[in-house]
Amino acid sequence: MKLKVCPTPMRSRLFQAIACSLLVSVAPVALADSPISNIATATAICADAATAAQRETCQARQIAHLQLALAGKPASNGKAPATNAIPVTGSYTETAQLGDADSWKTDEFLQDWGLEAMNAHHAYARGLTGSGVRIGLFDSGVALGHGEFSGKNHQGLIIGNLRADGTRCTLADSSMGDLANPDSNACFASDGGRPSIEALYWDPAYTDFLLMINPVGAAWATEFRDKTSMRYDLHGTHVAGTMAANRDGNGMHGVAFGADFSSARLFGNSFWHLSPLCIFLGGPGCQYGQFADNSAFEDMYSQMNANGVRAINHSWGLQFEPYFPDEQDAFYSNPELQAYWEILREGSLAGETRHGKGMGLIQVWAAGNHEYLIPSLDVAPIAGVHASLPRHFSELEKYWLSVANVQPTGDLSSPYILSNSSMKCGLSMEWCLAAPGTKINSAFVNGLYLKDGNTAFQTDADGNKRFLPDSIDALDNTTKFGYRDLTGTSMAAPHVTGALALLFERYPYLSNAQVRDVLLTTATDLGAPGVDDVYGWGMVNLKKAIEGYGQFRVDTDVSMVAKAGGTHWWNDARVWDVWTNDITDYKHNATFTFSSPFADAWLRMSGNNSFYGLNVKGGILELTGANTLGSDVLVNGGMLLNNGVINNAVQV
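Residues numbered from 1 in each chain as written. Predicted model: local features only at pLDDT ≥ 70, side-chain atom pairs only at ≥ 80, totals over all residues. Heavy atoms only, no water.

This part takes up the overall build of the protein chain. Looking only at helices and strands, one finds 15 helices and 34 strands in the protein chain. Residues counted as buried form 60% of the 652 residues belonging to the protein chain. A total of about 23900 Å² of accessible surface is found on the protein chain, and carbon and sulfur atoms cover 53% of it. (Helix = DSSP H or I, 4+ residues; strand = E, 2+ residues; numbered from the N terminus. Buried < 20%, exposed > 50% of the residue type's maximum accessible area, 1.4 Å probe, protein only. Areas by Shrake-Rupley, 256 points an atom, 1.4 Å probe, with all protein chains shown as cover.)

The next point concerns the pattern of salt bridges. Evaluated as defined, the whole model comprises 21 salt bridges. Between K105 and D102 there is a salt bridge; the shortest N-O distance is 3.3 Å. Given a relative accessible area of 27%, K105 falls into the partly exposed group. We classify D102 as exposed; its relative accessible area is 51%. (Salt bridge = Lys/Arg side-chain N within 4 Å of Asp/Glu carboxyl O.)

We now examine the sheet that holds strand β9 (residues 267–274). Spatially, five strands are ordered β10-β9-β6-β7-β18 in an open sheet, and the strand pairing comes out mixed. With one partner strand each, in any of the chains shown, β10 (287–291) and β18 (449–452) form the two edges of the open sheet. Adjacent strand axes in the sheet meet at a mean angle of 15°, parallel and antiparallel pairs treated alike. Here five bridges tie strand β6 (residues 197–202) to strand β7 (residues 227–232), and the two strands are oriented antiparallel to one another. Note that in β7 the partner of I197 across the bridge is Y232. The strands touched by helix α12 (residues 469–478) within the sheet are β6, β7 and β18, with β7 carrying the most contacts at an inclination of about 60°. (Pairing = 2+ DSSP bridges. Axes fitted to C-alpha atoms, helices over the stretch in contact; angles between N-to-C directions. Contact = heavy atoms within 4.5 Å.)

All right, on to the packing of helix α13 (residues 489–506) against helix α14 (residues 512–521) then. Two quantities define a packed helix pair, namely the angle between the helix axes and the distance between the axes. Following both chains from N to C, one finds α13 and α14 inclined at 115°, their axes separated by 10 Å at the closest point. As α13 packs across α14, the resulting crossing turns out to be right-handed. Listed contacts from α14 to V496, A499, L500, L503 and F504 of α13 are N512, V515, R516, V518 and L519. Among the residues forming the contact of α13 with α14, the class breakdown is eight nonpolar, one polar and one charged. (Left-handed = near helix turned anticlockwise from the far one by under 90°. Nonpolar A, V, L, I, M, F, W, Y, C, P; charged D, E, K, R; others polar.)

The next point concerns a nonpolar patch on the surface. Together, L277, F280 and L281 make up an exposed nonpolar region whose accessible area comes to about 370 Å². Looking at the secondary structure, you find L281 in helix α8 (residues 276–281). (Patch = residues over 30% accessible without salt bridge, like charges linked within 9 Å, V, L, I, M, F, W, Y side chains within 5 Å.)

Attention now moves to the pairing of strand β28 (residues 613–616). Of the two faces of β28, both are covered, the one formed by G613 and N615 as well as the one formed by L614 and V616. As defined by bridge partners, strand β26 (residues 591–595) adjoins β28 across four bridges and the pair is classed as parallel. When the bridges of β28 are listed, T593 appears paired with N615. Note that β28 and strand β31 (residues 633–635) share three bridges and pair parallel. Bridge pairing links V616 to V635 in β31.

Within helix α10 (residues 325–333), the full set of buried residues consists of E327, Q328, F331 and Y332. Each buried residue of α10 sits inside an arc of 150° when the element is viewed along its axis, so together they form one side. Facing away from the buried side of α10, by more than 90 degrees, are the exposed residues D326 and S333. Contacts made by the buried residues of α10 are with β12 (316–318) and α11 (338–355). (Arc of directions from axis to C-beta.)

A few words on the packing of aromatic side chains. Counted according to the given criterion, the structure contains 29 aromatic pairs. Centroid distance F138 to F297: 5.5 Å. Interplanar angle 85°. Geometry classified as edge-to-face. Of this pair, F138 sits in strand β2 (residues 134–139) while F297 is found in helix α9 (residues 294–306), placing the two residues 159 residues apart along the sequence. Given a relative accessible area of 0%, F138 falls into the buried group. Among the residues examined, F297 registers a relative accessible area of 0% and is labelled buried. Ring geometry for Y549 and F552: centres 5.0 Å apart, planes at 55°, overall tilted. (Phe/Tyr/Trp six-rings, centres within 6.5 Å; stacked < 30°, edge-to-face > 60°.)

Note on placement: D532 falls in the loop between α14 and α15 (542–545). For the buried residue D532, which engages in no salt bridge, the nearest side chain bearing the opposite charge is K424, 8.3 Å off. A polar contact is formed between the side chain of D532 and the backbone nitrogen of V534, at a distance of 2.8 Å. For D532, the residues in contact, after removing those within four places along its chain, are C425, M429, D525, L526 and G527. (Lys, Arg positive; Asp, Glu negative; His and termini not counted. Polar contact = N/O pair within 3.5 Å; in protein donor to acceptor, adjacent residues only side chain to side chain.)

Here we come to the state of the cysteines. Put plainly, two cysteines are in a disulfide when a covalent bond ties their sulfur atoms together. Counted under the stated rule, the structure contains three disulfides. Here C169 engages in a disulfide with C187; their sulfurs sit 2.0 Å apart. As the torsion about the S-S bond is roughly -60°, the C169-C187 disulfide counts as left-handed. Taken together, the positions of C169 in the loop between β4 (158–160) and α5 (171–174) and C187 in the loop between α5 and β5 (189–191) put the pair 18 residues apart, joining distant regions of the chain. The burial state of C169 is the same as that of C187; both residues are buried. With its sulfur 2.1 Å from that of its partner, C425 forms a disulfide with C432. Between C425 and C432, the S-S torsion sits near -70°, and that sign places the bridge as left-handed. (Disulfide = S-S within 2.5 Å.)

An order of β23-β26-β28-β31-β34 is seen for the five strands of this open sheet, with the pairing classed as parallel. The sheet is open, and its two edges are formed by β23 (556–559) and β34 (650–651), each paired on a single side.

Counting residues in each nonpolar core, the largest one holds 142 residues, and the members touching the most others are F261, W341, W579 and F592. When residues in this core are grouped by element, the largest group, 10 residues, is from α13. Non-local contacts of F592, meaning those with residues more than four positions away in its chain, are made with F552, T556, V558, W579, L603, M605, F611, G613, L614 and N615. One finds A117, C432, A434 and M539 within the second-largest nonpolar core, a separate group that totals 13 residues. (Core = buried A, V, L, I, M, F, W, Y, C linked by side-chain atoms within 4.5 Å.)

Because side chains alternate across β23, one face comprises the buried residues T556 and V558, and the other comprises D557 and S559, none of which is buried. Relative to β26, β23 is paired through four bridges, and the arrangement is parallel. Looking at β26, one finds that S559 is bridged to S595.

As structure tokens, this is what we get:
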């Protein structure tokens, strides 16, 4: 799927100019605050078609080769430049106490307001950190040299396209075409342990143009005149920090600060020649880069599954998302995109083949951002095509999460509201959550290297450009690590991925799909009562999520094969757990079946439950609350202990 964008007018939004988009709505560095942040990334690849019909055919063909994405051989541990790394306090001692949630709200904790908003401190007080869990991200690469990622078993995965002979492109191949001529056959490969490089050559004609149209506002452009600027992309590092940055007394910490992650990068390095002709007309010599095709996506998913990743974060999407269901359906039904959608589908379902029923890879998707003024939340654009993919493949629903961005209101009666830049859950509402994504503080990689002229790279016989080693070294030396606030659904999604890691540790006997349902059904309702198309299930609430299901969405079979994760007052050697939530039934027809291969395995349900059906097939199920179910209780093995009230017949 090579990123090819057609700038010519088109008859349908299906054929609009589409580019890969990181779902962050705040310009990441000072350089991007300039007018170049809104330059159209179009190249006129279809403009020379003889007729309008041929041009549309060309444009349709390009959709089959779109790099719809952003963003890995395992564990390269590729390091971003570490010369300015923030030191890690090796002697850090945790002062917070188990059982005391408020004691976990340290200065480091409070750097990300989202942790308290999701009640993550209650999970920490239960002894949950994400330890032993591996999560993933598919993004622009992570600066693993940042101190927030030191001392952990994080991975930078290496992915690449397949050549015509079936062999995989390698980083050595990629280095011969860092900035590929769009017409060449340069081999794409990337290391998820290093961020991608963004380079811009500031043509003097571009500077003159800016000064002509706005001599005051564009005076800064003289600093960049006839220079090449280079920087590392910060997006993946920021996302990874929110997921799993260390709790070490420095900066901030991630939601699952004890978890490990695997990072894959699907963007190659990029170069733009900034001139008026390139900006307005595009054409050869304006844009260089490397692009992954479908085989690189397959490679990434294969490695994520092989490395035991249980949930993967996707903070990316289309630059121009369809706003209406029929437009979205046109993407799903386009025959030239079917291979791509199948790869995303198989990326989740392959986990079932490896690990069993319900153990597919959970995919967490940012719902998307927009730049429009909306009169009310209900008319916000719907979540993007990737976040809504189970509409096309219903079997993916149990492995999918769509995430909208909310911000605090300061009103205790209604504390959170959809960000004015966020897509709403829309058609993804049944698998959608709201999470903090506005002004989120996380790990940051920053540095800008300027080199005179267009001399940061050399050009080979095929017209490909390669960064010169001294340019890379100079960029490394100017790059520093720190922290920054960013806003977007890009920042909301990793809060959810981190929350999943805590719950994977909390419920070692539940499948991936079941843990996802716990997270959905324990969310705090926002907006209209129940699941709605703005907030979906509502705001993530880890205080409730660590106390069992909130509802049974579907028939749910739980086999108690391991004791509860974290610490608890009942902490002997038996296989056991306690659920304290009042469990209801989402569709009023779901049956809960409890079993265990161990005769003394024990689950206590102490809430006042009102779901539909209950079967006991093994182990010991204890009920201590007031239970009014929708049908008779069936005991076909094991033991049912009634230390509360059952307002139903029991058939043994």
